[in-house]
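Listed below are the residues making up each chain.
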Amino acid sequence: MGVDVLVDGRVDEGGVTMSIAESSASVEVSELTPEQAAAAFDRIARTALNLSGEEFLAALDGGKYDDVDPDANPGLLEVLMALPLVR
């Protein structure tokens, strides 16, 4: 693919020293099928909220989370961040 750029920071008496190094490490990206994305979303919802992905989406569409602070509800933010997998 390309060249990854690594930034290395060190703190010493004079402040922060930054250096940039090149790496030939490659990154592979694979696109999920809609079925794989739905399965991933379902796993995230089940792990974070103990709900299936479908149950969460139905509750979301029904307004259950309209006035809910995601930061005050453990797991909710993780599931909301995963929404692009299915929507």
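Model, not experiment: these values are computed from the prediction. (Residues numbered from 1 in each chain as written. Predicted model: local features only at pLDDT ≥ 70, side-chain atom pairs only at ≥ 80, totals over all residues. Heavy atoms only, no water.)

Description of the packing of helix 1 (residues 34-49) against helix 2 (residues 53-61)
Here is step 1 of the chain: Relative to each other, helix 1 and helix 2 sit at 80°, their axes nearing to 8 Å. Between helix 1 and helix 2, the crossing angle belongs to the class labelled roughly perpendicular. For the pair helix 1 and helix 2, the contacting residues are Phe41, Asp42, Ala45 and Leu49 in the first and Gly53, Phe56 and Leu57 in the second. (Axes fitted to C-alpha atoms, helices over the stretch in contact; angles between N-to-C directions. Helix = DSSP H or I, 4+ residues; strand = E, 2+ residues; numbered from the N terminus. Parallel < 35°, antiparallel > 145°, perpendicular 65-115°, else oblique. Contact = heavy atoms within 4.5 Å.)

Let's talk about the side chain of Ser52
Here is step 1 of the chain: Structurally, Ser52 is set in the loop between helix 1 and helix 2.
Here is step 2 of the chain: Of the residues examined, Ser52 reaches a relative accessible area of 11% and is grouped as buried.
Here is step 3 of the chain: With near-sequence residues (within four places) excluded, Ser52 lies in contact with Asp42, Ala45 and Arg46. (Buried < 20%, exposed > 50% of the residue type's maximum accessible area, 1.4 Å probe, protein only.)

What about the pattern of salt bridges?
Here is step 1 of the chain: Under the criterion given, the structure shown has 2 salt bridges.
Here is step 2 of the chain: For the salt bridge of Arg46 with Asp42, the shortest nitrogen-to-oxygen distance reads 2.7 Å. Of this pair, Arg46 and Asp42 both sit in helix 1, 4 residues apart, which is roughly one turn of that helix.
Here is step 3 of the chain: Two residues, Asp61 and Arg87, come together in a salt bridge whose shortest N-O distance is 2.7 Å. Residue Asp61 is found in helix 2, and its partner Arg87 is found in the segment after helix 3 (76-81); the two are separated by 26 residues along the sequence. Assigned by exposure class, Asp61 and Arg87 land together as exposed. (Salt bridge = Lys/Arg side-chain N within 4 Å of Asp/Glu carboxyl O.)

Focus: a nonpolar patch on the surface
Here is step 1 of the chain: Together, Leu32, Leu85 and Val86 line one region of the surface with nonpolar side chains, adding up to about 200 Å² of accessible area.
Here is step 2 of the chain: Relative to the assigned elements, Val86 resides in the segment after helix 3. (Patch = residues over 30% accessible without salt bridge, like charges linked within 9 Å, V, L, I, M, F, W, Y side chains within 5 Å. Areas by Shrake-Rupley, 256 points an atom, 1.4 Å probe, with all protein chains shown as cover.)

Side note on the nonpolar core
Here is step 1 of the chain: Phe41, Ala45, Phe56, Leu57, Ala59, Leu60, Tyr65, Leu76, Val79, Ala82 and Leu83 form the largest nonpolar core, which has 11 residues in total.
Here is step 2 of the chain: Among the elements of the structure, helix 1, helix 2 and helix 3 are those that each provide at least two residues to this core.
Here is step 3 of the chain: Setting aside residues up to four positions removed in sequence, Leu83 forms contacts with Phe41, Phe56, Leu57 and Leu60. (Core = buried A, V, L, I, M, F, W, Y, C linked by side-chain atoms within 4.5 Å.)

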